[in-house]
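# Structural description and commentary
Residues per chain are reported as follows:
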Amino acid sequence: MATDRADPQPTERNRLLSDAMAAAVHRYSVANPKSRQLHKEACQWMPGGNTRTGLYYAPFPLTMVRGAGASLWDADGHRYIDFVSDFSAGIFGHSNAVIRAAVTEALASGMSLGAPNRYERELAELVCRRFPSIESVRFCNSGTEANLLALCAARTATNRNKVLGFRGAYHGSLFTLQDAGRALRMPFEVLLARYNLVEEVDELVERHGTDLAAIIVEPMIGNGGCIPGTPDFLLALRRLTEKHGIVLIFDEVITSRLSPGGLQQKLAIKPDITTLGKYIGGGFSFGAFGGSHRIMKQFDQCHTSVIAHSGTFNNNVASMAAGVVGFGQILSPDVLMDLNAAGDVLRSRLQRVGQERGVPFQVSGLGSVMNIHFYMGDINAPEDLAGADRELLRLLHLELLNSGFHIASRGLVALSLPLTKTDLDAFVSTIERFVDDHKDLGNSR
Ligand code: PMP
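Notes on the structure in this doc start here. No experiment lies behind these values; they were computed from the predicted model shown.

Glancing now at the sheet that holds strand β13 (residues 362–366). One open sheet holds the three strands; their spatial order is β13-β14-β16, and the pairing between them is antiparallel. In this open sheet, the two strands that pair with only one neighbour each are β13 and β16 (412–414). Each strand axis lies, on average, 25° off the axis of its neighbour in the sheet, ignoring direction. As defined by bridge partners, strand β14 (residues 369–373) adjoins β16 across three bridges and the pair is classed as antiparallel. Counted as the bridge partner of N371 is L412 from β16. The sheet strands contacting helix α11 (residues 333–357) are β13 and β14, and the helix crosses β13 at an angle near 160°.

Inspection of the entire model under this criterion finds 15 aromatic pairs. Considering the side-chain rings of F83 and F405, the 6.2 Å spacing of their centres and the 50° angle between planes classify their relative orientation as tilted. Highlighted residues: F83 in the loop between β3 (79–82) and α3 (97–108) and F405 in strand β15 (residues 405–406), separated in sequence by 322 residues. Classification of F405 by relative accessible area gives buried; the value is 5%.

What follows concerns the pattern of salt bridges. In total, this model carries 19 salt bridges according to the counting rule given. A salt bridge links R167 to E200; the shortest N-O distance between them is 3.1 Å. With R167 in the loop between β5 (162–166) and β6 (190–193) and E200 in helix α6 (residues 198–208), this pair connects stretches of sequence that are 33 residues apart. Classification of R167 as partly exposed rests on a relative accessible area of 29%. Take E200: its relative accessible area is 22%, and that puts it in the partly exposed class. Across the pair R349 and D425 runs a salt bridge, and its minimum N-O distance is 2.7 Å. Taken together, the positions of R349 in helix α11 and D425 in helix α13 (residues 421–437) put the pair 76 residues apart, joining distant regions of the chain. The exposure class assigned to R349 is partly exposed, which follows from its relative accessible area of 26%. Connected through shared salt-bridge partners, R121, E125 and R129 make up one network.

Close contacts around the ligand come from S142, G143, T144, N147, Y170, H171, G172, E218, D251, V253, I254 and K278, and that covers them all. At 2.5 Å from an oxygen atom of the ligand is found a side-chain nitrogen or oxygen belonging to T144. Broken down by element, the residue count for the shell around the ligand peaks at three residues, all from helix α5 (residues 143–158).

Conventions adopted
Residues numbered from 1 in each chain as written. Predicted model: local features only at pLDDT ≥ 70, side-chain atom pairs only at ≥ 80, totals over all residues. Heavy atoms only, no water. Pairing = 2+ DSSP bridges. Helix = DSSP H or I, 4+ residues; strand = E, 2+ residues; numbered from the N terminus. Axes fitted to C-alpha atoms, helices over the stretch in contact; angles between N-to-C directions. Contact = heavy atoms within 4.5 Å. Phe/Tyr/Trp six-rings, centres within 6.5 Å; stacked < 30°, edge-to-face > 60°. Buried < 20%, exposed > 50% of the residue type's maximum accessible area, 1.4 Å probe, protein only. Salt bridge = Lys/Arg side-chain N within 4 Å of Asp/Glu carboxyl O. Near = heavy atom within 4 Å. Polar contact = N/O pair within 3.5 Å; in protein donor to acceptor, adjacent residues only side chain to side chain.

Here you go:
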């Protein structure tokens, strides 16, 4: 990182960084023989030893065997304070007693009933009341499904085929707009624009408007680095889509937790379709899409039956019952606002770590969801992070694990309700120490 003395030459920096990495990997490997062995065994039966690519990191990921509150325990018996809470789905922590009681009670009345159950209506009402742009809603099992269903609904509603999205965005494992490796993307005809750049969208809509079914956007790009959309950009999308009869889809799988009515409420923008996922199922598998009656009535099999949407587990009683108490009772608007306020404070404390030292370390995001970057410049779109120092981020991730803090390997931090002020203080001072210890190793400006 930048210091008042001359930067090390790249070769020296690389040597120092690779020494630090080797030492961190060594400590990690020695401390975690059981996780290493479990990963090795898993590789025999699953490609890469797991079933969720994003959970892998070298030299092998930890296997977690227990969670309670905001803590996790790995197979070798170490405790971690969990700062990623299952990529934001675990907002309630790992053992919320009210959710556990509700699920136990629901399961006592049968598991896979294969018929409408009493919880889904209740959860649907809660979702529609909380997000006013959602006049009616359908459930599914993941955010991925929710986005694909939303895109299909937009295509049938408009009788158009093309979809516009933003480079570097992630809308689920089958609709990735990132360049990452061999990321999968359903074979829709997709036009890509730069996030937060109205001019490029304007031009694409001008050229393709009459063929465009939908614009899909996260009001804060989550997986691409926690980059907030500017109000001007998002408002321009609303204006353009309205003008050209294009369906505006807000992917609020992550951002819906950033204010009681989702980020759309904070921005005062009403999308045509909103997609949801993660925490709304109380920590169980969940996805939902909903919006205006005009679009959702396509799914109304009582009358028009334009689109058949089925799914064995769409209304599974565990997710529905957990969602009713988790989303409906525990996550009241006040509780959510407090959690986001705590996130704002944490983010600015972490920002100061980089600013006070004048080093390329920053934290982007909003409220309780943020991402650490070893990067000095402005971040307005995922492409801006091409120069970020991912090796140093990898080292931080391993050293945090070695010190008992669990974050996502890509630097994502998502707060959960059971985290305490002591947890947050300990996290900040551990990061401060890391930055102090490694401030000669950064190379990004
Ligand atoms: N959209 C966004 C914005 C997401 O962050 C994710 C998951 N990280 C998804 C969709 C996909 O959700 P799921 O993992 O439940 O399929």
